Amino acid sequence: MKRSFIYCLSLVFLLLSCEKNEEERIPQPDKKTEGKFDRTVLLYLVGDNSLHGDARNNIDSIKNATKAADLYNNNFVIYADIKGQDPYLLDIRKYDDGEILIDTMHVYNDRNSASVESLQDIIAQVQEEYPSEKFGLILWGHATNWLPAKWFSDARSAQTMHFQTIEEPSFIRQLPYWDIPTKAYGDDDGRWMTVNDLQEALPDNLFDYILFDCCYMAGVEVMYGLKDKVDYIIASSAEILAAGFPYSEVAPLLLASGPDYKAICKAYYNHYNEQTGARQSGTISLVKTSGLDNLAMNVKNIFNNYQGDLAIPLTGLQTFDRQYTPKVMYDIGNYIEQFNSGDTFKDALNNVVLYEAATEWMLKGEYGNFQINEHSGLTIFPYHTLEYLSISEQYKDLDWYKAVYE
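Just so it is clear, the model here is predicted, and its values are computed rather than measured.

### What about the overall build of the chain?
- Tallying secondary structure elements over the chain gives 12 helices and 18 strands in all.
- Within the chain, counting contacts between residues at least 6 apart in sequence, those at least 24 apart form 77% of the total.
- Here the chain displays about 16,700 Å² of accessible surface, and carbon together with sulfur accounts for 44% of that area.

If you want it as C-alpha cells, here you go:
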C-alpha cells in the first residue's frame, strides 16, 4: 500500500485549461495512422481507494514531464479508476507551444479494475488502438507483495491466528499473532488481485518492463511469478509513499525506445533520499527476470544441502513490512546467508538484481518505523520458519514455492 502524509486533494478530472485561446493554438500534428508507434506506455491506475487524492498529483506530474517529450511517435496512455468516478482512458497530447492536453478517449461503466478481466481488456484495447514496437506498463495503486486476497483487512484488529500445525517453534511462541491482511495488487473499493491473477492477466512478452508504483512488490515470489511476462521489473521492497515516483523526471525516460532502467531507479532513490524526516524513505530495485530460474534452483540447493534446522530464528534479520506481526517480508540476501549460502548464491542474486538502493530509514518517527541495515533488492517469505501459519497454504500456490520447496 502507499502511505499518504498530509494531503488528500479532491479529485475531479477535468480537461486541462489553457492560458491561450484555442484558436490561437496549433495542436501537434495527428499521430501516425499507418505502421506502428515507437513506444506506448500504459499507466494502469487503480485509485478507487484511499489514494484517490494522490492520483491527480501523479497525472499532473506526467503531464508536465511530457512537455519536452516526443509524443508524435510515442504514447503515454492512462487508464484511471478513481473514487467517485467512472473509469476512463486518457491520452496525453501536445500543442506546438509545448502545452499539454489530456484527451478522454473512453469512459467505461463502473467495473472492478482489480480483476483479471479488466486488466486484460484495457491492455488489449491499448494494444489495438496504439500499435507499437514496444510497450511499457506502470501498475499504480495499493499492494502487499504476494499475499493473497480475502484475509482480514486490518491486522491490528484481528486477534485470532489459524495454525496449520499445533506445535510452533519455541523461539517465536511468545510473539503476538493475528491473521495477516493479505492483498496483492489493486484495491478497487476493497477488491484485489493476487500474483497469480496478475500472471493470468498479463500477456506473454508484450511489455519489456513493468514498473510497480505500489508497495512491497519487490518480493522474489512476485518476480518469479512474472518472469515469463516481462524482461525487466522495477519495484520496491518496502512501502512507497503516496506521492509515488517522481514522474517529472522519469516519464521521459519511460518513453525512450531503450529505457535507462538504472537511471529511472536512481531518480526515484535520489528524490526520496533528498527529503527530510519521515519522507526520507524509499527502497528501489531493478530486476532482470531472465536470471530468476537460476536463482530459484540455487536457493533450492542451499535448502537441500543445509545440515541444520531450516526453521531458523528470525530475530535480528532485516524485514520490510512495517505494520504486521509476525513479519513476513525478509531481505533475501540477509535471510539466505543464514544457511551458508556462499558466492554462488550471491552471483545468482546479482544476475537478477541489477540495481538496488535504500534510504537509511523507513518512515523514521512514524508508527512501526525501522532502520534499513540490509537491502539486497528482493524480499522473501521465510516459509520453513512460518509454515505453521495458515498463510502458508496460499504460499503453496505460487510458482516460487513449487520451484524451490517441492
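### Let's talk about the side chain of Thr-385
- Within the fold, Thr-385 resides in helix 10 (residues 383-386).
- Thr-385 gets classed as buried once you look at its relative accessible area, which sits at 1%.
- Within polar-contact distance, the side chain of Thr-385 engages the backbone oxygen of Ile-312 at 2.9 Å.

### Structural notes on the pairing of strand 11 (residues 232-235)
- In terms of strand pairing, strand 10 (residues 207-213) meets strand 11 through 3 bridges, oriented parallel. Bridge assignment links Tyr-209 to a residue of strand 11, and that residue is Tyr-232.
- Taken together, strand 10, helix 4 (residues 220-225) and strand 11 form a β-α-β motif whose crossover is right-handed.

### Concerning the confidence of the model for the chain
- When pLDDT is averaged along the chain, the result is 81, and 77% of the positions lie at 70 or above.
- Confidence drops under a pLDDT of 50 for residues 4-27, and excluding neighbours within four residues, the segment shows 46 contacts in the predicted structure.
- For residues 150-183, every residue scores under 50 in pLDDT, and the model assigns this stretch 90 contacts once sequence neighbours within four places are set aside.

### Side note on the pattern of salt bridges
- Taken as a whole and assessed by the stated rule, the structure comprises 6 salt bridges.
- Notably, a salt bridge pairs Lys-227 with Asp-228, separated by 3.2 Å at the nearest N-O pair.
- The buried category is assigned to Lys-227, whose relative accessible area is 16%.
- Taking the relative accessible area as the measure of exposure, Asp-228 reaches 48% and is therefore partly exposed.
- The closest approach of N and O atoms between Glu-393 and Lys-396, which form a salt bridge, is 3.2 Å.
- A relative accessible area of 29% means that Lys-396 is categorised as partly exposed.

### Examining helix 5 (residues 247-254)
- Buried within helix 5 we find Tyr-247, Val-250, Ala-251 and Leu-254. Along the axis of helix 5, the buried residues cluster in a sector spanning 115°; they form a single face.

### Side note on the packing of helix 7 (residues 292-305) against helix 9 (residues 342-350)
- Where helix 7 contacts helix 9, the two axes come as close as 9 Å, and the packing angle between them is 155°. As the angle between them shows, helix 7 and helix 9 are arranged roughly antiparallel. Considering only the axes of helix 7 and helix 9, their crossing is left-handed. Between helix 7, through Asn-294, Leu-295, Asn-298, Val-299 and Ile-302, and helix 9, the contact on the second element is made entirely by Thr-344, Phe-345, Ala-348 and Leu-349.
- Counted by class, the contact of helix 7 with helix 9 contains 6 nonpolar, 3 polar and no charged residues.

### Some points on the environment of Gln-125
- Mapped onto the fold, Gln-125 is located in helix 2 (residues 116-129).
- Classification of Gln-125 by relative accessible area gives buried; the value is 17%.
- Within the structure, Gln-125 has its side chain in polar contact with the side chain of His-106 (distance 3.0 Å).

Conventions and cut-offs
Residues numbered from 1 in each chain as written. Predicted model: local features only at pLDDT ≥ 70, side-chain atom pairs only at ≥ 80, totals over all residues. Heavy atoms only, no water. Helix = DSSP H or I, 4+ residues; strand = E, 2+ residues; numbered from the N terminus. Contact = heavy atoms within 4.5 Å. Areas by Shrake-Rupley, 256 points an atom, 1.4 Å probe, with all protein chains shown as cover. Buried < 20%, exposed > 50% of the residue type's maximum accessible area, 1.4 Å probe, protein only. Polar contact = N/O pair within 3.5 Å; in protein donor to acceptor, adjacent residues only side chain to side chain. Pairing = 2+ DSSP bridges. Right-handed = clockwise from strand over helix to strand, strands pointing away. pLDDT = per-residue confidence, 0-100. Salt bridge = Lys/Arg side-chain N within 4 Å of Asp/Glu carboxyl O. Arc of directions from axis to C-beta. Axes fitted to C-alpha atoms, helices over the stretch in contact; angles between N-to-C directions. Parallel < 35°, antiparallel > 145°, perpendicular 65-115°, else oblique. Left-handed = near helix turned anticlockwise from the far one by under 90°. Nonpolar A, V, L, I, M, F, W, Y, C, P; charged D, E, K, R; others polar.

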